[in-house]
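Residue-level structure breakdown
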Amino acid sequence: MSALLSHVGAGLPILAAPMAGGPSTPDLVVAAARAGGLGFLAAGYKSPDLLAAQIQAVRAAGVPFGVNVFAPNPVPVDPAAYRAYAAEVRREADPYGLTLPADPIEDDDHWADKLDLLVTDPVPWVSFTFGLPGSAAVTALRDAGTTVLQTVTTADEARAAADAGVDALIVQAPAAGGHSATLTPATPPPLSVTLPDLITQVRQAVGGLPIIGAGGIATAADVAATLRAGAEAAMVGTVLLRTHESGASEPHKNALTDPAFDGTVVTRAFTGRPARALRNHFTDRYDAVAPPGYPALHHLTSPLRKAATAAGDTRLIHLWAGTGHRHARPEPTPETLTRLAAAL
């Protein structure tokens, strides 16, 4: 057992990734811990009150856990480009009777309130993605007894995170499903690097900081390769989307293994930030015309995505998926994690 995991009682070096928007339920986080691993609640898109309630639900189960937070790193959208894109997307929204935001909505996802919650009511682990929290926030959390992690996608980002004083790094390869954690979303890193190679690059850059590997891990062989490359643990997300405890929608779950979906693409069409999803009508039609702009594009397409999900219209849903999505199974979370640990 690694020192990174032992102090929170996690004996299995496989972690359940935070998946914002619904999949990472308290039940999934608890199930991951009871399997010997560790799970993360996703604070993204939640109100501080809802996040506090989910923290209490997991804490009541008496298991170690973490919380992942979107650190501010906005991508301002050009207003004219936004309005042009909104006009394009409106053709999909009109059949649902939706009114989309006419002007860009910019917010920071309740950053200050969430940080205050986690400092005043500490949890064992906190991880950040999208942006760097700054050394003052890192110090406040560490002083509260929290282990602080930063998600990075390059060696340069790892150096910046180390300078901010984090305890460990989550190294995310481009094969990951959902949003890239890149700190430079307008110019994301190349898609060709493998997770073992990226772990090696980061380890050479920052020396002894503990590393958790993430991105495209879907089999026992993937986990073993991640640990051989120098990571202390592997973090998985997509492979948990079909588990019994996942809060992913049924259309999303079904699409992951539906032969009609022939692969994944990295797109900013849904949110204005690069994210890997199953290729569908929306990615094909709108990726080329979507401007960079987060969170403005997220708020623009959110009503449409919610309506499409309720209708089971997979042409328009953000079907986040990593490259190993075919390996997701409808089974209890502990069975998935145990299967992934088979080669250890």
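For clarity, every value in this text was computed on a predicted model and none was experimentally measured. Positions within a chain are numbered from 1, following the residues in the order the chain's sequence is written. In keeping with the model being predicted, local features are shown solely for residues with a pLDDT of at least 70 and side-chain atom pairs are shown and tallied solely at 80 or more, while totals for entire chains, interfaces and linings include all residues. Water and hydrogen atoms were dropped before computing side-chain values, which therefore reflect all heavy atoms in the structure.

1. Section: the overall build of the chain
On a plain count of helices and strands, the chain comes out with 13 helices and eleven strands. If one aligns the C-alpha atoms of the chain with their principal axes, the spans along those axes are about 55 × 45 × 40 Å. Residue contacts are counted whenever heavy atoms from the two residues lie within 4.5 Å of one another. When contacts within the chain are restricted to residue pairs at least 6 apart in sequence, those whose partners lie at least 24 apart make up 68%. For every accessible area listed, the method is Shrake-Rupley and the probe measures 1.4 Å; residues are considered covered only by the protein chains on display. Accessible area for the chain stands at about 12900 Å²; split by element, carbon and sulfur atoms hold 53% of it. For the purpose of charge, His is not counted, nor are the chain termini; Lys and Arg are scored as positive and Asp and Glu as negative. The atom standing in for a charge is NZ when the residue is Lys, CZ when it is Arg, CG when it is Asp and CD when it is Glu. Counting 24 positive and 31 negative side-chain charges, the chain places the averaged centre of each group 5 Å from the other. Numbering of helices and strands runs from the N terminus; a helix is a DSSP stretch of H or I covering at least four residues, while a strand is a stretch of E covering at least two.

2. Things to note about the sheet that holds strand β4 (residues 125-129)
Pairs of strands are assigned from DSSP output, requiring at least two bridges between the strands. If you walk around this closed barrel you meet the eight strands as β1-β2-β3-β4-β5-β6-β8-β9, and the pairing is parallel. The average angle at which neighbouring strand axes cross in this sheet is 25°, direction not considered. Sheet topology note: the strand β1 (residues 14-16)/strand β2 (residues 38-42) ladder contains two bridges and is parallel. Looking across to β2, one finds that L15 is bridged to L38. In this analysis an axis means a line fitted to C-alpha atoms, helices contributing only their contacting stretch, and an angle means the value between N-to-C directions, from 0 to 180 degrees. Relative to the sheet, helix α2 (residues 26-34) contacts β1 and β2, its axis offset from that of β2 by approximately 165°. Sheet contacts for helix α7 (residues 155-164): β5 (147-152) and β6 (168-172); angle to β5, the most-contacted strand, approximately 155°.

3. Regarding the pattern of salt bridges
A pair is scored as a salt bridge if a Lys or Arg side-chain nitrogen falls within 4 Å of a carboxyl oxygen belonging to Asp or Glu. Counted under the stated rule, the structure contains eleven salt bridges. For D121, the salt bridge is made with R59, and the minimal N-O distance between the two is 3.2 Å. Taken together, the residues span a long stretch of sequence, with D121 in the loop between α5 (111-120) and β4 and R59 in helix α3 (residues 48-60) at a distance of 62 residues. Three exposure classes are used, based on accessible area relative to the maximum for each residue type with a 1.4 Å probe and protein chains only: buried under 20%, partly exposed in between, and exposed over 50%. Take R59: its relative accessible area is 28%, and that puts it in the partly exposed class. Across the salt bridge formed by D313 and R315, the nearest N and O atoms sit 3.1 Å from each other. Residue D313 is classed as buried on the basis of its relative accessible area of 12%. For R315, a relative accessible area of 39% corresponds to the partly exposed category. The structure contains a network of salt bridges with shared partners spanning E88, R91 and R285.

4. Focus: the pairing of β5
Along β5, six of the six residues are buried, which leaves the element largely enclosed by surrounding structure. Seen with the strands pointing away from the viewer, any crossover whose path from the first strand over the helix to the second strand runs clockwise is right-handed. The parallel pair β4 and β5 is bridged by helix α6 (residues 135-143), and the resulting crossover is right-handed. Here four bridges tie β5 to β6, and the two strands are oriented parallel to one another. Bridge pairing in β6 places T151 opposite I170. Note on the crossover from β5 through α7 to β6: the handedness is right-handed.

5. Some remarks on the nonpolar core
If you look at the biggest cluster of nonpolar residues, it comprises 86 residues, and the most contacted ones within it are I55, V67, Y85, F128, L169, V171 and F282. Among residues more than four places away in sequence, those in contact with I55 are L41, F65, V67, L117, L118 and V123. L15, L149, A214 and M235 belong to the second-largest nonpolar core, a separate cluster that totals 13 residues. In this text, buried Ala, Val, Leu, Ile, Met, Phe, Trp, Tyr and Cys residues form a nonpolar core when linked through side-chain atoms within 4.5 Å.

6. Things to note about helix α13 (residues 333-340)
For α13, the complete set of buried residues consists of T333, T336, L337 and L340. Taken around the axis of α13, the buried residues stretch over an arc of 95°, which confines them to a single face. Considering only its buried residues, α13 is in contact with β1, α2, α9 (220-228) and β9 (233-236). In this context, the arc is that of the directions from the helix axis out to the C-beta atoms.

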